[in-house]
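Residues per chain are reported as follows:
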Amino acid sequence: MSGTVDLRTMANAIRALAMDAVEKAKSGHPGMPMGMADVATVLWTRFLTVDPADPDWPDRDRFVLSAGHGSMLLYALLHLTGFPKMDMGQIERFRQLHSLTPGHPEYGHTPGVETTTGPLGQGLANAVGMALAERMLAARFGEELVDHWTWVIAGDGCLMEGISHEAGALAGHLGLGRLIVLFDDNGISIDGPTKLATSEDVRARFAAYGWHTLAVDGHDPEAVAAALAEAKADPRPSLVACKTIIGFGAPNKQGSESTHGAPLGAAEVAAARERLGWRHPPFVIPEEVYAAWRAAMRKGAEARAAWKARLEAEPAALRAAFVKAISGEIAAEVEAAIATHKAKLFASKPTLATRNASEAALEALTEAVPELVGGSADLTHSNNTITKATKPIRPGAFDGRYVHYGVREHAMAAVMNGIALHKGLVPYGGTFLVFSDYCRNSIRLSALMGLRVVYVMTHDSIGLGEDGPTHQPVEHLPSLRAIPNLLVFRPADAVETAECWEVALTQRKTPSILALTRQNLPAVRTEPVGENLCAKGGYVLAEAEGGARALTILATGSEVHLALEARERLQARGVPTAVASLPCFELFDAQPAAYRAAVLGAAPRIAIEAASPFGWARYVAGEEDVVAVRDFGASAPAADLFRHYGITTDALVGLAERKLGLARAA
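Let me begin by describing the structure that accompanies this report. (Residues numbered from 1 in each chain as written. Predicted model: local features only at pLDDT ≥ 70, side-chain atom pairs only at ≥ 80, totals over all residues. Heavy atoms only, no water.)

### Regarding the overall build of the protein chain
Next, step 1: In terms of regular secondary structure, the protein chain is built from 25 helices and 20 strands.
Next, step 2: What you see for the protein chain is a C-alpha radius of gyration of 28 Å, in line with the 26 Å of a compact globule of 666 residues.
Next, step 3: For the protein chain, the residues scored as buried account for 62% of the 666 residues in total.
Next, step 4: Within the protein chain, residue pairs in contact and separated by at least 24 positions form 78% of the contacts whose partners lie at least 6 positions apart.
Next, step 5: Only carbon and sulfur atoms are counted for the fraction: they give 53% of the accessible area of the protein chain, which is about 23,500 Å².
Next, step 6: Seen as two clouds, the 63 positive and the 74 negative side-chain charges of the protein chain have centres 2 Å apart. (Helix = DSSP H or I, 4+ residues; strand = E, 2+ residues; numbered from the N terminus. Rg over C-alpha atoms; globule rule 2.2 N^0.38 Å. Buried < 20%, exposed > 50% of the residue type's maximum accessible area, 1.4 Å probe, protein only. Contact = heavy atoms within 4.5 Å. Areas by Shrake-Rupley, 256 points an atom, 1.4 Å probe, with all protein chains shown as cover. Lys, Arg positive; Asp, Glu negative; His and termini not counted. Charge placed at Lys NZ, Arg CZ, Asp CG, Glu CD.)

Listed below in structure tokens is the structure:
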């Protein structure tokens, strides 16, 4: 090979790496990388602004491979352009343990990967969050510092998923013109032609959202370039439908589902090499091809250098505020705001629903921490997530700090992930706890990626009352507690709520859920102790008196005050009883064994929580030792429901009597 390396040859390098890596792994998806190689080559060489020498510089363009199964497209690009650690050895170890080339792209694992994708549609929704964060930060710091684009490659599957509707509609409504989605319109899914399952006009759907849409031959580089230039010139978000052939270059399999999710086979790989004119052995790229790809990255290096000069030229105060925002360092402000707020709570000892207590904490936090941005899925005044400091964002006006997501819980969660991934802002958003089911895949990805996202989930039990079992979460707490690297908080009063907010915002790599009540709760933490007790996940709220512990009652949230009432009655009968509040199982389980043993004690234990008892057996002998809810709830006033389901002091005392073999009180 000699002379100038053309775009098709550069694209064929992607195709060769994709089919060779999948073939060696005996696993993977070669079809999409081979089909979209031409489009990706045009994007990365002519439009995308990134610098492999500094993959995380703040004003880079974001590239999101929403169709994450085609991960070899991204890995090939990262290798060819010289991203750190992405040597040929990583390509050869595709899908192998501890490689930087896992089956689907993983944020924080592979340099240059902006988000974890694989669950289809998630990347597209994350990209909406990135594009929104870009506009919000540009409004705050100016386009001299924040002026970049978010590019997405999405497939038919991404656009079939319902989250694409939620996120696409929000992006169109807000007018996120820096967002450009390249739709791999190959007409093939795993089962076969997409016409087996869909006949929608995707472009018309996105046009109805307010997007600019156009179509292009995805194998004509100059036509692709013209389409991308047109997309950048339009003020609306753009969907570019790139008509491609899946598995392009594989003469016997291209255009069929057989290239989608399986190796091509040695014979077809050899035939594809012949068809593409690629004469090089597996995992060999000619130096002139490398040189062409690396030369295309010079524009990114130049853009980064120019951006750094602009940053240095900004006034010191603005520059410092920007650097601080991007760093994500907010702990000092959070801790100071919560300390002042807690002092007021100890003085006033309010009776509040914890959703109202959360609102009060947010008033203090959003005033002190400008990086905090809120929102709700059309439940703002039920979740109590808006504050005086969080002006709503409007279409085309991004100087606010509050997003009205509409009835789009799934998109809200994924968009918040995108905001967190972008850096510069710390997102929180609200809905009812029962609707965490709508958010679940995005919550799981928050945890998998280690993102500081706070989910404000109110109406946390049968205590919400008359709305009934469709809205009363029962299994949700144990279900969410099962997700690794997720903190599930259920505070008992205003002080615990403030402390849980503090922990949620000072954890840098863990998302949090705050499960909050609709009904009022009395203050149970009434005296300052000089530390954040909720940071330990559990603590002794009231120690046994009159001798060694005979019983320990464990409780969370709205049932903690019932545990205290039961303790009083048992103490009056000469039964030394302790109460431990466990607002966060995950943090408690992470404490040293000696601390956990001291809190739990050696005496028999019982528990109470207005939810499924599943999961409590780690702390008590069995689920029979938990006062809990064991069906889906009912429609009635909250007080009637608590009596009906036995979530009462009487029930707790009765359980204690049975556990200890005590005679029933007269």
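### A look at the packing of aromatic side chains
Next, step 1: Under the defined criterion, the tally for this structure stands at 18 aromatic pairs.
Next, step 2: Residues F47 and W151 carry aromatic rings whose centres are separated by 6.2 Å and whose planes lie at 55 degrees to one another, so their mutual orientation is tilted. Of this pair, F47 sits in helix 2 (residues 31–47) while W151 sits in strand 2 (residues 150–155), and the two are 104 residues apart along the sequence. The residues F47 and W151 share a single accessibility class, namely buried. (Phe/Tyr/Trp six-rings, centres within 6.5 Å; stacked < 30°, edge-to-face > 60°.)

### A closer look at the sheet that holds strand 2
Next, step 1: If you walk across this open sheet you meet the 5 strands as 1-2-3-7-6, and the pairing is parallel. Edge strands, defined here as strands with exactly one partner in the open sheet, are strand 1 (62–65) and strand 6 (212–217). Recorded for the sheet is a direction-independent mean angle of 20 degrees between the axes of neighbouring strands. (Pairing = 2+ DSSP bridges. Axes fitted to C-alpha atoms, helices over the stretch in contact; angles between N-to-C directions.)

### Overview of the sheet that holds strand 14 (residues 512–515)
Hydrogen bonds between backbone atoms are what pair the strands of a sheet, whose relative direction is either parallel or antiparallel.
Next, step 1: Strand order in the open sheet formed by 6 strands is 10-9-11-12-14-13, and the pairing between neighbours is parallel. Across the chains shown, the open sheet's two edge strands, defined by having one partner strand only, are strand 10 (402–404) and strand 13 (487–489). This sheet shows a mean twist of 20 degrees between the axes of neighbouring strands, independent of strand direction.
Next, step 2: As paired elements, strand 9 (residues 372–376) and strand 11 (residues 426–432) share 3 bridges and run parallel to each other. Paired with S376 across the bridge in strand 11 is G430.

### Some words on the pattern of salt bridges
Next, step 1: On inspection of all chains with the given rule, the structure shows 38 salt bridges.
Next, step 2: E200 is the partner of R205 in a salt bridge, and the nearest nitrogen-oxygen pair spans 3.3 Å.
Next, step 3: For E531, the salt bridge goes to K536, with nearest N and O atoms at 3.6 Å.
Next, step 4: Overall, E531 belongs to the partly exposed group, its relative accessible area being 37%.
Next, step 5: Judged by its relative accessible area of 26%, K536 falls in the partly exposed class.
Next, step 6: In the salt-bridge network here, residues are joined through shared partners; they are E134, R135, E143, D147 and R178. (Salt bridge = Lys/Arg side-chain N within 4 Å of Asp/Glu carboxyl O.)

### What about the pairing of strand 14?
Next, step 1: Here strand 14 shows a buried face lined by S512 and L514 and a second buried face lined by I513 and A515.
Next, step 2: Bridge count for strand 12 (residues 454–458) against strand 14 is 4 bridges, and the pairing is parallel. Looking across to strand 14, one finds that V454 is bridged to S512.
Next, step 3: The pairing of strand 13 with strand 14 spans 3 bridges and is parallel. Among the inter-strand pairings, V488 is bridged to a residue of strand 14, identified as I513.
Next, step 4: Note on the crossover from strand 13 through helix 20 (residues 494–506) to strand 14: the handedness is right-handed. (Right-handed = clockwise from strand over helix to strand, strands pointing away.)

### Things to note about unusual backbone geometry
For residues besides glycine, phi is generally negative; the peptide bonds are generally trans as well.
Next, step 1: Here R95, not a glycine, exhibits a phi torsion of approximately 65 degrees, which is positive.
Next, step 2: Relative to the helices and strands, R95 is located in the loop between helix 4 (88–92) and helix 5 (122–141).
Next, step 3: A positive phi angle is found at H98, which is not glycine, with a value near 70 degrees.

### Section: the packing of helix 1 (residues 7–25) against helix 11 (residues 287–296)
Next, step 1: Packing of helix 1 against helix 11 brings their axes to within 10 Å, and their N-to-C directions diverge by 105 degrees. Classified by the angle their axes make, helix 1 and helix 11 are roughly perpendicular. Contacts from T9, M10, A13 and I14 in helix 1 reach V289, A292 and W293 in helix 11.
Next, step 2: For the contact of helix 1 with helix 11, a count of residues per class yields 6 nonpolar, 1 polar and no charged. (Parallel < 35°, antiparallel > 145°, perpendicular 65-115°, else oblique. Nonpolar A, V, L, I, M, F, W, Y, C, P; charged D, E, K, R; others polar.)

### Re the nonpolar core
Next, step 1: Ranked by internal contacts, the top residues of the largest apolar core, which has 141 residues, are W44, M72, L132, L182 and V240.
Next, step 2: Counting residues per element, this core draws most heavily on helix 5, which supplies 12 residues.
Next, step 3: If we skip the residues at most four places from it in the chain, L132 touches L174, L176, I393, F398, V403, V415 and I419.
Next, step 4: By size, the runner-up hydrophobic cluster in this structure holds 33 residues, among which are A357, A361, F489 and L516. (Core = buried A, V, L, I, M, F, W, Y, C linked by side-chain atoms within 4.5 Å.)

### Some words on helix 14 (residues 331–348)
Next, step 1: Over its 18 residues, helix 14 runs 26 Å from end to end, which matches the ideal 26 Å to within 8%, given 1.5 Å per residue.
Next, step 2: When helix 14 is considered as a whole, its buried residues turn out to be V334, A337, I338, H341, K342, L345 and F346. Within helix 14, the buried residues cover an arc of 170 degrees as seen down the axis, which keeps them to one side. Turned more than 90 degrees away from the buried face of helix 14 sit A332, K344 and A347, all of them exposed.
Next, step 3: Following helix 14 by one or two positions, K349 adopts a phi angle in the positive range, close to 45 degrees. (Expected span 1.5 Å × (residues − 1). Arc of directions from axis to C-beta.)

### Overview of the environment of K344
Next, step 1: Along the chain, the position of K344 falls in helix 14.
Next, step 2: Given the relative accessible area of 57%, K344 is considered exposed.

### Side note on the environment of E106
Next, step 1: Relative to the assigned elements, E106 resides in the loop between helix 4 and helix 5.
Next, step 2: For E106, a relative accessible area of 31% puts it in the partly exposed group.
Next, step 3: Each C-alpha atom, one on E106 and one on E496, is 35 Å from the other, the two residues being 390 residues apart in sequence.
Next, step 4: Apart from the residues within four sequence positions on either side, E106 is in contact with V113 and T116.

### Observations concerning the packing of helix 14 against helix 20
Each pair of packed helices can be described by the angle between their axes along with the distance between the axes.
Next, step 1: Here helix 14 crosses helix 20 at 180 degrees, and the two axes come no closer than 10 Å. Overall, the two elements helix 14 and helix 20 adopt an arrangement that is roughly antiparallel. Contacts from A331, V334, E335, I338, H341, K342, L345 and F346 in helix 14 reach A494, V495, A498, E499, E502, L505 and T506 in helix 20.
Next, step 2: Of the residues assigned to the contact of helix 14 with helix 20, the class counts are 9 nonpolar, 2 polar and 4 charged.

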